[in-house]
Amino acid sequence: MLRRAYNDIGKHIRLNKILKNNRALIFAFDHGVEHGPSDFPSDRIDPRVVVKNVVEEGVDAIMTTLGIASMTYDIWGGRVPMIIKVTGKTSLRPEPQRLVQSVFGYVRDAVAVGADAVAATVYWGSEYEDIMLERWFSIRLTAERYGLPALQLAYPRGSAIKNMYDPEVVKYGVRAAIESGADLIKTYYTGSEESFREVVRVASGIPILMSGGRARDDPVDFLRDVRAVMNAGANGVVVGRNVFQHRDPRSMIRALKMIIHEDKSVEEVARLVE
Ligand code: FBP
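Residues numbered from 1 in each chain as written. Predicted model: local features only at pLDDT ≥ 70, side-chain atom pairs only at ≥ 80, totals over all residues. Heavy atoms only, no water.

Quick notes on the overall build of the protein
At step 1: Helix and strand counts for the protein come out as 13 helices and 10 strands.
At step 2: Against the 2.2 N^0.38 benchmark of 19 Å for 274 residues, the protein shows a C-alpha radius of gyration of 17 Å, consistent with a compact globule.
At step 3: The C-alpha extent of the protein, read off along each of the three principal axes, is 50 × 50 × 45 Å.
At step 4: Counting over 274 residues, the protein shows a buried share of 53%.
At step 5: Partitioning the intrachain contacts of the protein with sequence separation of at least 6 by distance along the chain shows that 69% fall at a separation of at least 24.
At step 6: When the accessible area of the protein is evaluated, it comes to approximately 12,600 Å², of which 51% is carbon and sulfur surface. (Helix = DSSP H or I, 4+ residues; strand = E, 2+ residues; numbered from the N terminus. Rg over C-alpha atoms; globule rule 2.2 N^0.38 Å. Buried < 20%, exposed > 50% of the residue type's maximum accessible area, 1.4 Å probe, protein only. Contact = heavy atoms within 4.5 Å. Areas by Shrake-Rupley, 256 points an atom, 1.4 Å probe, with all protein chains shown as cover.)

This is the structure in structure tokens:
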């Protein structure tokens, strides 16, 4: 018998905790840094309120900062897998410097709080691609050592990129993500099931998740996008604003779970979010 490497086993076990039957609804909660507190409705300023709702409703994992994870550990610990995002930027920066994500925590601290994975953004095509790649490979190296999967937010962004949702540009980012060793990829929706099917093909079996984006005026439109990416063969979604800005986040989670895990149609679940 050839014994598997310890870290290989750890990564395998942790990935299977996040992806159930290879699918996941991951709650993104890093907006306080990325956008500021104005992203949150006034009754949801306290992170504990938001985390309690999503834990009780049963998301497959939460992706957040070390700060939030440590303020809410008694709510998520032992119940929902935690993905610590170790890069970040604020929107207070001058515009050109928003094209780079800084160090926003360390993989060893993610291990210390009991995380099941780490996440980091790479703005493919950015003027700062070089710095971000150094950060990515350093994060990935440490994560690998400790048996933690590394989720890459593979976002094409930069002055040379005219349209970051262009399927060709998104596919390029996803190709670069698989070549840079991402264990899970989060990327933009390209606007149609057909084009996202090509994105999934480029991912070549590495789990791919749609990034939620701005909260829709009509929440049913968001469910349509999620249905389309699941039809296209995606593994799920990483969603923030379309959940925590919804009038009833728990109903939105219920609807998303039914699409992602039970293959329900939009028509079957739309009443939950209207
Ligand atoms: P949303 O579903 O709210 O878009 O969350 C996904 C996410 O990638 C967050 O993790 C991140 O904070 C935000 O979107 C990035 O937003 P921006 O496009 O402004 O950089």
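That shown, we press on.
A closer look at helix H12 (residues 249-262)
At step 1: A rise of 1.5 Å per residue sets the reference length of H12, with its 14 residues, at 20 Å; its end C-alpha atoms lie 19 Å apart and thus fit the reference within 8%.
At step 2: Along its buried surface, H12 packs onto strand S1 (24-29), helix H3 (47-57), helix H10 (219-231), strand S10 (236-239), helix H11 (241-244) and helix H13 (266-269). (Expected span 1.5 Å × (residues − 1).)

Here we look at the nonpolar core
At step 1: In terms of nonpolar packing, the biggest core is built from 91 residues, with Ile26 and Ile62 touching the most fellow members.
At step 2: Setting aside residues no more than four positions away along its own chain, Ile26 makes contact with Ile18, Ala61, Ile62, Met63, Ile83, Leu151, Leu209, Val237, Val238 and Val239. (Core = buried A, V, L, I, M, F, W, Y, C linked by side-chain atoms within 4.5 Å.)

Some thoughts on the packing of aromatic side chains
At step 1: Tallied over the full model, the rule gives 8 aromatic pairs.
At step 2: Here Phe40 and Phe244 contribute two aromatic rings whose centre-to-centre distance is 4.9 Å and whose plane-to-plane angle is 45 degrees, an arrangement assigned as tilted. Of this pair, Phe40 sits in the loop between helix H2 (31-34) and H3 while Phe244 sits in helix H11, and the two are 204 residues apart along the sequence. With respect to burial, Phe40 and Phe244 carry one shared label: buried.
At step 3: With 4.5 Å between their ring centres and 15 degrees between their planes, Tyr155 and Tyr188 make a pair best called stacked. A residue pair is termed long-range when its members are at least 10 positions apart, and Tyr155 in strand S7 (residues 150-156) and Tyr188 in the loop between strand S8 (184-187) and helix H9 (193-203) qualify at 33 residues.
At step 4: On the basis of relative accessibility, which here comes to 9%, the residue Tyr155 falls in the buried class.
At step 5: By relative accessible area, Tyr188 is classed as buried at 6%.
At step 6: Taken together through their ring pairs, the aromatic side chains of Phe27, Phe29, Phe40 and Phe244 make up a single cluster.
At step 7: Residue placement shows Arg145 over the ring face of Tyr146; its charged tip is 5.9 Å from the ring centre. (Phe/Tyr/Trp six-rings, centres within 6.5 Å; stacked < 30°, edge-to-face > 60°. Lys NZ or Arg CZ within 6 Å of the ring centre and 35° of its normal.)

Focus on the sheet that holds strand S6 (residues 117-124)
Backbone hydrogen bonds are what pair the strands of a sheet, in a parallel or an antiparallel way.
At step 1: Read around the closed barrel, 8 strands run S1-S2-S3-S6-S7-S8-S9-S10, paired in parallel fashion. When strand polarity is set aside, the average angle formed by the axes of neighbouring strands in this sheet is 25 degrees.
At step 2: Sheet analysis places strand S9 (residues 208-211) next to S10, joined by 3 bridges and oriented parallel. In the strand pairing of S10, Met210 is matched with Val237.
At step 3: Packed on one face of the sheet, helix H1 (residues 6-18) meets S1, strand S2 (61-64), strand S3 (82-85), S6 and S8 and runs near 90 degrees to S1.
At step 4: Taken strand by strand, helix H7 (residues 129-145) contacts S6 and S7, and its axis lies near 160 degrees from that of S6. (Pairing = 2+ DSSP bridges. Axes fitted to C-alpha atoms, helices over the stretch in contact; angles between N-to-C directions.)

Quick look at the environment of Asp218
At step 1: Positionally, Asp218 belongs in the loop between S9 and H10.
At step 2: For Asp218, a relative accessible area of 33% corresponds to the partly exposed category.
At step 3: Sequence spacing of Asp218 and Val273 is 55 residues, and the spatial spacing of their C-alpha atoms is 9.0 Å.

Points about the site of the ligand
At step 1: The environment of the ligand is formed by 16 residues, the closest being His31, His35, Tyr155, Lys186 and Arg241.
At step 2: Between the ligand and the protein, one listed contact pairs an oxygen atom with a side-chain N or O atom of Tyr155 at 2.4 Å.
At step 3: Contacts to the ligand include Arg241, whose side-chain N or O atom sits 2.7 Å from an oxygen atom.
At step 4: In the complex, 89% of the free accessible area of the ligand, which totals 470 Å², lies under the protein chains.
At step 5: Across the shell around the ligand, the residue classes tally to 4 nonpolar, 6 polar and 6 charged. (Near = heavy atom within 4 Å. Polar contact = N/O pair within 3.5 Å; in protein donor to acceptor, adjacent residues only side chain to side chain. Nonpolar A, V, L, I, M, F, W, Y, C, P; charged D, E, K, R; others polar.)

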